[in-house]
There are 2 protein chains.
Amino acid sequence: MIIDCHGHYTTAPPQHDAWRKSQLAAFREGSLPPGYPAISDDEIRESIEQNQLRLLRERGADMTIFSPRASAMAHHEGDERVSIEWPRACNDLIARVVGLFPETFIGVCQLPQSPGAELKASVAELERCVQMGFVGCNLNPDPSGGRWTSPPLTDRYWYPVFEKMTELDVPAMVHVSASCNPVFHATGAHYINADTTAFMQLIQGDLFADFPGLRLVIPHGGGAVPYHWGRYRGLADMLHKPPLSEHVMNNVFFDTCVYHQPGIDLLFRVIDAGNVLFGSEMVGAVRGIDPETGHYFDDTKRYVDAAGLTDADRARVYSGNARRVYPRLDRALRAQGR
Amino acid sequence: MIIDCHGHYTTAPPQHDAWRKSQLAAFREGSLPPGYPAISDDEIRESIEQNQLRLLRERGADMTIFSPRASAMAHHEGDERVSIEWPRACNDLIARVVGLFPETFIGVCQLPQSPGAELKASVAELERCVQMGFVGCNLNPDPSGGRWTSPPLTDRYWYPVFEKMTELDVPAMVHVSASCNPVFHATGAHYINADTTAFMQLIQGDLFADFPGLRLVIPHGGGAVPYHWGRYRGLADMLHKPPLSEHVMNNVFFDTCVYHQPGIDLLFRVIDAGNVLFGSEMVGAVRGIDPETGHYFDDTKRYVDAAGLTDADRARVYSGNARRVYPRLDRALRAQGR
């Protein structure tokens, strides 16, 4: 079984994004947003069948852990009220996708974060979504969108979400959204920087002493971390922390959203296969075909298949780790007899 | 011959840093800084012989392209006047090191950047330093120290420095300094993020159409870039840019400050050896001994030696590329009969 841990609903019907535009326009004008538009099951079905589902089948994966479009979370837009309405609309749409394709998609929710706001609304939305069958959340370490005004992830500011995650036994993918800072290209700099930044914060702090069961997935192959694994091992040592395997790697996982064979090979050379979850971020950041291979850049299954893993490790990367990191996914699969 | 392109004077005599402290204290009090302290040649000699020179000899390299301590540039401290005095003191000290060890060190200067300030002072300091025999500069893409308030490197804001670099035929290493933003650990996040960010800016823009001869060294092995080389090739394609080999890699170079063998192997697997300059950042970011190898993390020569390069490529990485990217270094070496 092959589970893609990192898929966003980047192909939602146009009414959804149009409503977001109206919502932000209403906010700017100081008026109320219009009601959320009607979207039919057929429209949702079509948006999935022609995109994610088609590609899953073509590439030979079985299911996707599915969340709202990351770049559209844009927690920096509007105010806290705006940032409460929008995730609710996005998450409800994910729930409908999961309802239509219960064997292929399972939900991960976007949180109603807002720069400077406390995390009460995020805790409530996480609880609401898990009650709807979601198995995790996306946590944005920089809701300011490239201004980086929030404290590090190890700060107590974040603890309400970590407490609720622990209580519900769900992990978070640490995932930023769009960048409103012109120095940071979203998918080319901000995403990768955030992954690197989050990992270093976890080295500096001692978060997992307070939350020994907390699980965080750092996407995009862990940002720069595996490439600079020696640097991080050395910095942990300089900071008088235990080895990374004890200090963070019981709780931190990387996906395989690295879009070439040498990168995937490096990932598995330095990171234990027990810490890697198959992911493609499809349909996502990089949509083209690699002229060097003739295949889609984000068809990461090809790279994993060619990475020379043992059968046991490949099985862990393709599904075993995901079922362990997302126990509610495992339960849902068992209920389906899978 | 082995040239380390990336060394900082992290071991300067204590009077130097003490003066910096007085300078910043005077700035806060609105008074004038004290005069720069006396530092004897012997003190400088000792600070070098016991550190950089000893390690160069132990590790078997011949010389270092040497610049002031990067984390102490701290362009975000004080105001523009403060940020003009400090680089002058730092660069003068580098000139003294080079004067004492002319066969082992050659200078690269720190620029008097200041957040929001125009680059006139940087142009003047670059000119002054090149007249003293310096062969390049360190350009900080984020003088705000982790607030990222400057425009991208492709913005015309930066052109005065690029014009002067072109006129003088000197390259810049794109190197940030300390982070005053608690989310970013300096050497574990801010440095690596800046490398990644700068490279993506260069993909997005078209800087080398305006400056075809400009040369930029992106340190720390290019940040996350080689690990995510497929992502960057794909993003260039999505942005309708030429292949990276044409669009940026005639002008961009990476060093080998990657502190483990798998990282260095990846670097050479994806980046042409003509674009890689040997560097260690020694004595620098990561000072310990790797328990897995028994050798210093930053003894990058070991990794390069073991990377399986051809003799010709290894010669390019160890010295040929540096002499090409820093033509004034080449001239200085020729004058020494090397």
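For the structure given in this document, a descriptive report is provided here. Each chain has its residues counted from 1, following the order in which its sequence is written. Chain labels run from A onward and ligand labels from 1 onward, assigned in the order the entries are written. Thresholds applied to this predicted model are a pLDDT of at least 70 for local features of residues and 80 or more for the giving and counting of side-chain atom pairs; totals over whole chains, interfaces and linings are not thresholded and use all residues. With hydrogens and water set aside, each side-chain value is computed from the structure's full complement of heavy atoms.

**Observations regarding the packing of helix α4 (residues 120-131) of chain B against helix α5 (residues 159-168) of chain B**
Residues and elements named next belong to chain B.
Here's step 1: Between N-to-C directions, angles cover 0 to 180 degrees, with each direction set by a line fitted to C-alpha atoms, over the stretch in contact for helices. Secondary structure counts use DSSP, requiring at least four H or I residues in a row for a helix and at least two E residues in a row for a strand, with both numbered from the N terminus. For the pair α4 and α5, interaxial distance at closest approach is 9 Å and the crossing angle is 20°. Classed by the angle they form, the pair α4 and α5 counts as roughly parallel. Crossing of α4 over α5 shows right-handed handedness. Taken together, the residues of α5 that come into contact with α4 (itself represented by Ser122, Val123, Leu126, Glu127 and Val130) are Pro160, Val161, Lys164, Met165, Glu167 and Leu168.
Here's step 2: Residues of the contact of α4 with α5, tallied by class, amount to seven nonpolar, one polar and three charged. Note on angle classes: values under 35 degrees are labelled roughly parallel, values over 145 roughly antiparallel, values of 65 to 115 roughly perpendicular, and the remainder oblique. Throughout, a crossing is termed right-handed when the near helix is turned clockwise from the far one, and left-handed when it is turned anticlockwise from it by less than a right angle. Residues are treated as being in contact if the distance between any of their heavy atoms lies within 4.5 Å. Residues are grouped as follows: Ala, Val, Leu, Ile, Met, Phe, Trp, Tyr, Cys and Pro are nonpolar; Asp, Glu, Lys and Arg are charged; every other residue, Gly included, is polar.

**Some thoughts on the pattern of salt bridges**
Here's step 1: The salt bridge definition used is simple: a Lys or Arg side-chain nitrogen within 4 Å of an Asp or Glu carboxyl oxygen. Taken as a whole and judged by the stated rule, the model has 46 salt bridges over all chains.
Here's step 2: When the shortest N-O distance is used, the salt bridge between Arg231 of chain A and Glu281 of chain B registers 3.3 Å. Taken together, the residues Arg231 of chain A in helix α9 (residues 229-238) and Glu281 of chain B in the loop between β8 (276-277) and α11 (300-305) connect one chain to another. In this structure, Arg231 of chain A and Glu281 of chain B share a single accessibility class: buried.
Here's step 3: The partner of Arg45 of chain B in a salt bridge is Asp42 of chain B, and the shortest N-O contact between them spans 2.6 Å. One end of the pair is Arg45 of chain B and the other is Asp42 of chain B, both in helix α2 (residues 41-59) and three residues apart, which spans about a single turn.
Here's step 4: Counted as one network, the salt bridges with shared partners bring together Asp92, Glu125 and Arg128 of chain A. Throughout this description, buried means an accessible area under 20% of the type-specific maximum (1.4 Å probe, protein chains only), exposed means over 50%, and partly exposed covers the range between.

**With respect to the sheet that holds strand β6 (residues 216-218) of chain B**
Residues and elements named next belong to chain B.
Here's step 1: A pair of strands is treated as paired once DSSP finds two or more bridges between them. Spatially, β1-β2-β3-β4-β5-β6-β7-β8 is the arrangement adopted by the eight strands of the open sheet, whose pairing is parallel. Of all strands in the sheet, those with a lone pairing partner are β1 (3-9) and β8, marking the two edges.
Here's step 2: In this sheet, strand β4 (residues 136-139) lies alongside strand β3 (residues 105-110) in parallel orientation, the contact comprising three bridges. Residue pairing for β4: Gln110 is matched across the bridge by Asn138.
Here's step 3: Lying over the sheet, helix α3 (residues 82-100) contacts β1, β2 (63-68) and β3, oriented at roughly 175° with respect to β3.

**A short note on unusual backbone geometry**
Here's step 1: Of note, the amide linkage connecting Met282 of chain A to Val283 of chain A takes the cis form, showing an omega dihedral of -5°.
Here's step 2: Tracing the chain through its elements places Val283 of chain A in the loop between β8 (276-277) and α12 (300-305).
Here's step 3: Positive phi outside glycine occurs at Ala74 of chain B, with the angle close to 40°.
Here's step 4: As for its position among the elements, Ala74 of chain B is in the loop between β2 and α3.
Here's step 5: Its identity is not glycine, yet Trp148 of chain B carries a phi of approximately 55°, on the positive side.
Here's step 6: On the secondary structure map, Trp148 of chain B appears in the loop between β4 and α5.

**Comments concerning the packing of aromatic side chains**
Residues and elements named next belong to chain B.
Here's step 1: Each aromatic pair joins two rings of Phe, Tyr and Trp (for Trp, the six-membered one) with centres within 6.5 Å, and gets the label stacked for planes under 30 degrees apart, edge-to-face for over 60, and tilted for any other angle. Per the stated rule, a full pass over the model turns up 28 aromatic pairs over all chains.
Here's step 2: For the ring pair Tyr9 and Phe66, a centre distance of 5.4 Å and an interplane angle of 45° mean the geometry is tilted. Highlighted residues: Tyr9 in strand β1 and Phe66 in strand β2, separated in sequence by 57 residues.
Here's step 3: By relative accessible area, Tyr9 is classed as buried at 4%.

**A few points about the relation of the copies chain A and chain B**
Here's step 1: Rotating chain A by 180° and translating it 0.0 Å along the rotation axis places it on chain B, where the RMSD comes to 0.0 Å. Read as a symmetry element, the transformation amounts to a two-fold axis. No C-alpha of chain A lies nearer the rotation axis than that of Ala224 of chain A, which sits 2.2 Å from it.
Here's step 2: Both copies share a contact surface, since 100% of the interface residues of chain A are interface residues in chain B too. Overlaid copies result from least-squares superposition on C-alpha atoms, with residues included only where pLDDT is at least 70 in both.

**Things to note about the pairing of β3 of chain B**
Residues and elements named next belong to chain B.
Here's step 1: Most of β3 is tucked away: six of the six residues are buried.
Here's step 2: One ladder, built from three bridges, connects β2 with β3; its direction is parallel. Looking at β3, one finds that Phe66 is bridged to Gly107.
Here's step 3: Handedness of the β2-α3-β3 crossover: right-handed.
Here's step 4: The definition of a right-handed crossover adopted here requires that, viewed with the strands pointing away, the path from the first strand over the helix to the second runs clockwise. What joins β3 to β4 is α4, and the crossover it makes is right-handed.

**Remarks on the side chain of Ser179 of chain B**
Residues and elements named next belong to chain B.
Here's step 1: Among the secondary structure elements, Ser179 is positioned in the loop between β5 (172-174) and α6 (186-204).
Here's step 2: Definition of a polar contact: a pair of N or O atoms within 3.5 Å, with one able to donate and the other able to accept a hydrogen when the atoms are protein atoms, and with sequence-neighbouring residues admitted only if both atoms are side-chain atoms. In this structure the side chain of Ser179 is engaged in a polar contact, spanning 2.8 Å, whose partner is the backbone oxygen of Asn181.
Here's step 3: Engagement of the side chain of Ser179 in a polar contact is seen with the backbone oxygen of Phe184, the distance being 2.9 Å.
Here's step 4: Residue contacts for Ser179: discarding those within four places in its chain leaves Gly145, Phe184, Ala186 and His190.

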